[in-house]
Amino acid sequence: QVQLVESGGGLVQPGGSLRLSCATSGAIFRLYHMGWYRQAPGKQRELVARLTPGNNTNYADSVKGRFSISRDNAKNTVYLQMNSLKPEDTAVYYCNAVHVMIRSQSYWGQGTQVTVSS
């Protein structure tokens, strides 16, 4: 069982920055794809950024050049650095871990609210 705990959300003005953290329950990065998703009110959950065990990344077009996903192996933590935030980035952000071979082994955090507003 993998446990994920997000933190770092909050209220920020347009153009501002936030860094989200996802603390994992162990050293899982060699076996799991790590991802950040978001869900805005009335919309479907969407992938924001993904990080593979090989350190490859991919991003949603809407956040390319503004968001960056990274990890700290020593701290078992994944980060999402969000810069130049826009009101349309407002959503609940979720951390996800999916086993590289067994896709049914997918875990979610509880989510953290990000609100971009003046």
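A brief look at the structure comes next. This is a predicted model, so every value here is computed, not measured.

### A short note on unusual backbone geometry
Phase 1 of the analysis: Even without being glycine, N55 reaches a positive phi, approximately 75°.
Phase 2 of the analysis: Take N55: its relative accessible area is 49%, and that puts it in the partly exposed class.
Phase 3 of the analysis: Phi at S84 takes a positive value of approximately 50°, unusual for a residue other than glycine.
Phase 4 of the analysis: Mapped onto the fold, S84 is located in the loop between β8 (77-82) and β9 (91-99).
Phase 5 of the analysis: S84 gets classed as partly exposed once you look at its relative accessible area, which sits at 41%.

### A word on the pattern of salt bridges
Phase 1 of the analysis: Within this structure, the stated rule accounts for four salt bridges.
Phase 2 of the analysis: A salt bridge links D89 to R66; the shortest N-O distance between them is 2.8 Å. Here D89, found in the loop between β8 and β9, pairs with R66, found in the loop between β6 (57-59) and β7 (67-72); they are 23 residues apart in sequence, far enough to count as distant. By the burial criterion, D89 is buried, and R66 matches it.
Phase 3 of the analysis: A network of salt bridges, in which partner residues are shared, links R38, E46, R66 and D89.

Rules and cut-offs
Residues numbered from 1 in each chain as written. Predicted model: local features only at pLDDT ≥ 70, side-chain atom pairs only at ≥ 80, totals over all residues. Heavy atoms only, no water. Buried < 20%, exposed > 50% of the residue type's maximum accessible area, 1.4 Å probe, protein only. Helix = DSSP H or I, 4+ residues; strand = E, 2+ residues; numbered from the N terminus. Salt bridge = Lys/Arg side-chain N within 4 Å of Asp/Glu carboxyl O.

These values are about where atoms sit, not about what they do.
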